[in-house]
Amino acid sequence: MKNLKSIKTIKLLALFFVSSLALVSCSSDDDGDHDDHDHEEELITTVTYTLSDGTNVVTLTFQDLDGEGGEDGTTTVSGPLAASTTYTGTLQLLNETESPADNITLEVEEEGDEHEFFFSSTINDITITKDDMDVNNNPIGIESTLTTGAAGTGSLTIILKHEPTKPNDGTAAAAGGSTDVEVTFPITVQ
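Residues numbered from 1 in each chain as written. Predicted model: local features only at pLDDT ≥ 70, side-chain atom pairs only at ≥ 80, totals over all residues. Heavy atoms only, no water.

A short note on the overall build of the protein chain
A count of helices and strands for the protein chain gives three helices and ten strands. The order of helices and strands in the protein chain, counted from the N terminus, is α-β-β-β-β-β-α-β-β-β-β-α-β. The proportion of buried residues among the 190 residues of the protein chain is 33%. For the protein chain, the accessible area works out to roughly 11600 Å², and carbon and sulfur atoms hold 52% of it. (Helix = DSSP H or I, 4+ residues; strand = E, 2+ residues; numbered from the N terminus. Buried < 20%, exposed > 50% of the residue type's maximum accessible area, 1.4 Å probe, protein only. Areas by Shrake-Rupley, 256 points an atom, 1.4 Å probe, with all protein chains shown as cover.)

So this is what it looks like as structure tokens:
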């Protein structure tokens, strides 16, 4: 009987020890000294990529006003791109749940060394170069040049990465970091 009481005591002490560890590991750190730069993600409800050849403007817009997890967002493309044409591109990011809308593009530009846009297309004859640079002379991609070649139909994907490795090989996969936004537009070159 004495052994049974000893086993119960040991189990009770073990349970108390494990519980105290759980309380210590779950305690909050309210000292405010955080050097790990947690990324507070901004809500991006609208992505607009405006392309101009100097005469014609094509606008690609993604909008998801209720944010991630609610209704699906919508994409609109104002028209086709012209073949063998060079466009100047400008990206704008908005949080339209705020009134007036919060221009997230300004924050991305201000923190350019922590952000980079990546572009990829399923149409092989499209090239996109990033025209703006951060303080370390690495590309951001808010401003770009898009050049079309032959006619084709496919998609254009735009990804904004937070804290990517810079410099990188120009692909989102190799850059690492976390994805702030990723949108895909159906496009036609004619």
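Observations concerning a negative patch on the surface
Residues Glu 109, Glu 110, Asp 131 and Glu 143 make up a contiguous surface patch of negative charge. Examined against the element boundaries, Glu 109 turns out to sit in helix H2 (residues 104-110). (Patch = residues over 30% accessible without salt bridge, like charges linked within 9 Å, V, L, I, M, F, W, Y side chains within 5 Å. Salt bridge = Lys/Arg side-chain N within 4 Å of Asp/Glu carboxyl O. Lys, Arg positive; Asp, Glu negative; His and termini not counted. Charge placed at Lys NZ, Arg CZ, Asp CG, Glu CD.)

Some details on the nonpolar core
Tyr 49, Phe 117 and Ile 158 are the most contacted members of the largest nonpolar core, which has 28 residues in total. Mapped onto this core, the elements with two or more residues apiece are strand E1 (46-52), strand E2 (57-63), strand E4 (86-95), H2, strand E6 (115-121), strand E9 (152-162) and strand E10 (178-189). Among the elements that take part in this core, E10 stands out by supplying five residues, more than any other. Not counting chain neighbours up to four residues away, the residues in contact with Ile 158 comprise Tyr 49, Leu 91, Phe 117, Phe 118, Phe 119, Val 181, Glu 182, Val 183 and Phe 185. (Core = buried A, V, L, I, M, F, W, Y, C linked by side-chain atoms within 4.5 Å. Contact = heavy atoms within 4.5 Å.)

A few points about the sheet that holds E10
Read across the open sheet, the three strands follow the order E6-E9-E10; overall the sheet is antiparallel. Every other strand in the sheet has two partners, leaving E6 and E10 as the edge strands with one partner each. Averaged over all adjacent pairs, the angle separating strand axes in this sheet is 15 degrees, with direction ignored. Taken together, the seven bridges between E6 and E9 define a ladder with antiparallel strand orientation. Within E9, the residue paired with Phe 118 across the bridge is Ile 159. (Pairing = 2+ DSSP bridges. Axes fitted to C-alpha atoms, helices over the stretch in contact; angles between N-to-C directions.)

A short note on the pattern of salt bridges
Taken as a whole, this structure holds two salt bridges when the rule is applied. We note a salt bridge from Glu 116 to Lys 130, for which the minimum N-O separation is 2.6 Å. Here the residue Glu 116 occupies a position in strand E6, and Lys 130 occupies one in strand E7 (residues 126-130), the gap between them amounting to 14 residues. Given a relative accessible area of 19%, Lys 130 falls into the buried group. We note a salt bridge from Lys 166 to Asp 134, for which the minimum N-O separation is 3.0 Å. In this pair, Lys 166 is assigned in the loop between E9 and helix H3 (172-175) and Asp 134 in the loop between E7 and strand E8 (143-148), connecting sequence segments 32 residues apart. Taking relative accessible area as the criterion, Asp 134 reaches 8% and is therefore assigned buried.

Quick word on the packing of aromatic side chains
Counting across every chain of the model gives one aromatic pair. Plain terms: the ring middles of Tyr 49 and Phe 119 are 5.5 Å apart, the flat faces sit at 35 degrees to each other, and that makes the pair tilted. Remark: Phe 119 occurs in strand E6 and Tyr 49 occurs in strand E1; sequence separation between them is 70 residues. For Tyr 49, a relative accessible area of 0% puts it in the buried group. If you follow Lys 130 out to its NZ or CZ, it ends over the ring of Phe 118, 4.2 Å from the centre. (Phe/Tyr/Trp six-rings, centres within 6.5 Å; stacked < 30°, edge-to-face > 60°. Lys NZ or Arg CZ within 6 Å of the ring centre and 35° of its normal.)

Comments concerning the environment of Thr 97
Along the chain, the position of Thr 97 falls in the loop between E4 and strand E5 (102-103). For the pair formed by Thr 97 and Leu 43, sequence separation is 54 residues and the distance between their alpha carbons is 8.4 Å. Setting aside anything within four residues of it in sequence, one finds Thr 97 in contact with Leu 43, Thr 45 and Leu 65. Reaching out from Thr 97, the side chain makes a polar contact with the side chain of Asn 95 at a distance of 2.5 Å. (Polar contact = N/O pair within 3.5 Å; in protein donor to acceptor, adjacent residues only side chain to side chain.)

By themselves, these observations are geometric and do not establish any function.
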